[in-house]
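# Secondary and tertiary structure notes
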Amino acid sequence: MTDSSTELALMPAISAMLVRAESARDQLAAIDDNELARQVATWPETRAVNDAAGTAASANGYLQYGNDEAGGHWGRRLTRQNIRSLGVLDVLRRPEVPDRFADDLAAYLAGPPIPSERLVVIDADLPIQESHEVCGWQLTQPTAVDLEAVTPLPSSNRFAADPWDPALRLGGCCVLRRVSDDLEARNPSIWGTEILRSLFEPELVIPAWEPLLLINLAQAERVIVAAEYVIEPGRMVERVRGTGLDLVPATSDGIDEWEEPGWGPCRLTEEEVADVLAFTDVMSPLLQRWQTWESLTGAPRRFAKKSAERLQRSAHRFLALGPRLGTDGDVLYERDRAEIIFWYTSALENLMITESPDGDFSRKVSQRTAILIGTDDEERLEIRRAITHAYGIRSKVATATCHRRRTSRRCPNSCTAI
């Protein structure tokens, strides 16, 4: 907090609320959480905190909802819901207030703005010893202490609802993490955004697609996103996609038992991880350079921009389909097979068709792919046949989709490649 008069008024308001709680502590202990949250939210002292927080947040330029003329407000409020979820009730019942609780609460309510970040949990057992940069992201294994440092109201989060999935809290999980300029302070969504976003998997924008792509290319097993969090350190943690990793039983001798994250097929040794990191060290600057088309002009800029977009689009489709595959690369549900082939073929087409399309996609994609990855004539012929067969399935899916859209009068006169 800075020393303006508007911001200074918030701290006395918080102190007055704590004094009110101290004077009634015996009564607070006898009231259940739901009723106590309702009562605290209606205290005059709590309302004074909210008023002072709005004024301080406005001075800080922090978290505006709507505009002043339309009845908007600045900053956050103490409500019945967050009074419970943030652990404020337990603080009010305790004989001693945790150190820095008032400062943490003031920052949560009124700012000032701080950088937010993304944290992407990956489904892979990678025994890394320290953080490693991959395409501008930090590949690391956060501890419980690391998570607590960014959890809302760090001084009281031991009383609060835990926003992290249990496997991540246990430790040993690898994440990709970085500060993101496109994130702004906000309250958590009312609805589960991870559920809504899963409805659009093939076209989903995956923020950490560059490091995920390199990790997948560096070893044979598929690596997918288990969960994605948006973090405003000390103020908000929200899981915006995924369900996290499950915890599974593990035993050492049949007697002692513990749990560990239920990772997918990618479980590497330290030597294998070293090889993966050596690969990403070489490829990261090349992949990042691929994205720097903004510095170019004219025809080179247009060509580089289209190339970067094709690569990104293919990577998104490749990575987004990972959760629909089993540990051996098989399709989890047979009914999804045709659709998955459709999207994989589309991803491959984005990489192989660089010129203006003339409709002869199957021949060009199958020939170019066979030449690029086939090691001999027999293998090249096999690859070409497989891709030609995949195109046949793709055409059936596209035709069926087009027919459904035509009948609903939302289809153009002819189908085009996706």
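What this report covers is the structure whose coordinates are included nearby. Note on numbering: residues in each chain are counted from 1, in written sequence order. It should be noted that, the model being predicted, local features are given only for residues of pLDDT at least 70 and side-chain atom pairs only at 80 or more, the latter also being counted only at that level, while totals for whole chains, interfaces and linings use all residues. Side-chain numbers come from the whole structure's heavy atoms, not from hydrogens or water.

## A look at the packing of aromatic side chains
Condition: Think of it this way: a Phe, Tyr or Trp ring, Trp meaning its six-membered ring, pairs with another when their centres are within 6.5 Å, and the plane angle makes it stacked under 30 degrees, edge-to-face over 60, tilted otherwise. By the criteria applied, helices consist of DSSP H or I runs no shorter than four residues and strands consist of E runs no shorter than two, each listed in order from the N terminus. Per-residue accessibility, obtained with a 1.4 Å probe over protein chains only, is compared with the maximum for each type, and a residue is labelled buried under 20%, exposed over 50%, and partly exposed between these values.
In total, this model carries 3 aromatic pairs according to the counting rule given. Ring plane angle 45 degrees and centroid distance 4.9 Å describe the contact between Trp-164 and Tyr-229, whose orientation is recorded as tilted. Pair noted here: Trp-164 is in the loop between helix H9 (144-150) and helix H10 (166-170) and Tyr-229 is in strand E7 (residues 225-232), with a separation of 65 residues, a long-range link. A relative accessible area of 4% means that Trp-164 is categorised as buried.

## With respect to the sheet that holds E7
Condition: By the convention used here, strands pair only if DSSP detects at least 2 bridges between them. Only the stretch in contact is used when a helix axis is fitted, and all axes are lines through C-alpha atoms; the angle between N-to-C directions ranges over 0 to 180 degrees. Whether two residues are in contact is decided by their heavy atoms, any of which lying within 4.5 Å being enough.
Strand order across the open sheet formed by 6 strands is E4-E5-E6-E3-E7-E8, with antiparallel pairing between neighbours. Two strands lie at the open edges of the sheet, namely strand E4 (132-134) and strand E8 (236-242), each paired on one side alone. Recorded for the sheet is a direction-independent mean angle of 25 degrees between the axes of neighbouring strands. As judged from the 6 bridges shared by strand E3 (residues 117-122) and E7, these two strands associate in the antiparallel manner. Following the sheet pairing, Val-121 is matched in E7 by Ala-227. Sheet strands touched by helix H13 (residues 270-290): E4 and strand E5 (137-140). Its angle to E4, the strand with the most contacts, is close to 45 degrees.

## Some remarks on helix H4 (residues 33-42)
The condition is simple: To be clear, the arc concerns the directions from the helix axis to the C-beta atoms. Side-chain atoms alone can form a polar contact between residues adjacent in sequence; in general such a contact is a pair of N or O atoms within 3.5 Å, and within protein one must be able to donate a hydrogen while the other accepts it.
Residues Leu-36, Ala-37, Val-40 and Ala-41 constitute the buried set of H4. Along the long axis of H4, the arc covered by the buried residues comes to 135 degrees, so they all point the same way. Tucked into the core, H4 has its buried residues touching helix H3 (25-29), helix H5 (44-60), helix H6 (80-85) and helix H7 (88-93). N-capping of H4 is provided by Asp-32, with a side-chain oxygen placed 3.1 Å from the backbone N of Asn-34.

## Looking at unusual backbone geometry
A cis amide bond, omega 10 degrees, links Gly-111 with the succeeding residue Pro-112. Along the polypeptide, Pro-112 turns up in the loop between helix H8 (101-110) and E3. Backbone geometry at Arg-100 places phi at a positive 65 degrees, although glycine is not the residue there. Positionally, Arg-100 belongs in the loop between H7 and H8. Even without glycine at this site, Cys-135 takes up a positive phi of about 55 degrees. Among the secondary structure elements, Cys-135 is positioned in the loop between E4 and E5.

## Quick look at the packing of helix H2 (residues 10-23) against H5
Using the following cut-off: When describing relative orientation, an angle under 35 degrees is termed roughly parallel and one over 145 degrees roughly antiparallel, while 65 to 115 degrees is termed roughly perpendicular and anything else oblique. Definitions for this section: a left-handed crossing has its near helix turned counterclockwise from the far helix by less than a right angle. A right-handed crossing has that turn clockwise. Residue polarity is assigned by list, with Asp, Glu, Lys and Arg as charged and Ala, Val, Leu, Ile, Met, Phe, Trp, Tyr, Cys and Pro as nonpolar; anything else, Gly included, falls into the polar class.
Running from N to C, H2 and H5 cross one another at 165 degrees; their axes reach a closest spacing of 8 Å. The angle between the axes of H2 and H5 places the two elements in the roughly antiparallel class. Once H2 is placed against H5, the crossing between them reads as left-handed. Contacts between H2 and H5 involve Leu-10, Ala-13, Ile-14, Ala-16, Met-17 and Arg-20 from the former and Pro-44, Glu-45, Thr-46, Ala-48, Val-49, Ala-52, Ala-53 and Ala-56 from the latter. Of the residues belonging to the contact of H2 with H5, the class tally is 11 nonpolar, 1 polar and 2 charged.

## A few points about the pattern of salt bridges
A pair can form between side chains of opposite charge whenever their charged atoms are brought close. The cut-off we apply is this: Put simply, a salt bridge is a Lys or Arg side-chain nitrogen that is within 4 Å of an Asp or Glu carboxyl oxygen.
In this structure the tally under the stated criterion is 22 salt bridges. A salt bridge links Arg-241 to Glu-228; its shortest N-O distance comes to 3.6 Å. One end of the pair, Arg-241, is in strand E8; the other, Glu-228, is in strand E7, and 13 residues separate them in sequence. Each member of the pair, Arg-241 together with Glu-228, is buried. For Arg-337, the salt bridge identified is with Glu-334, shortest N-O distance 2.8 Å. The class of Arg-337 is partly exposed, set by a relative accessible area of 35%. With relative accessibility at 54%, the residue Glu-334 sits in the exposed group.

## Thoughts on the side chain of Glu-232
Looking at the element boundaries, Glu-232 is found in strand E7. When its relative accessible area of 1% is taken as the criterion, Glu-232 is described as buried. There is a polar contact of 2.8 Å between the side chain of Glu-232 and the side chain of Arg-76. Apart from the residues lying within four places of it in its own chain, the contact partners of Glu-232 are Tyr-62, Arg-76, Ile-114, Ser-116, Val-150, Ala-185 and Arg-186.

## Some thoughts on the nonpolar core
Defined as follows: By nonpolar core we mean a set of buried residues, namely Ala, Val, Leu, Ile, Met, Phe, Trp, Tyr and Cys, connected to one another through side-chain atoms within 4.5 Å.
Within the largest apolar cluster, 37 residues are counted, with the highest numbers of intra-cluster contacts made by Leu-10, Ile-14, Val-49, Ile-83, Leu-92 and Leu-105. Top element by residues in this core is H8. It accounts for 7 residues. When neighbours within four sequence positions are excluded, Leu-105 is seen to be in contact with Ile-14, Met-17, Leu-78 and Leu-153. By size, the runner-up hydrophobic cluster in this structure holds 30 residues, among which are Ile-128, Ala-208, Ile-215 and Ala-315.

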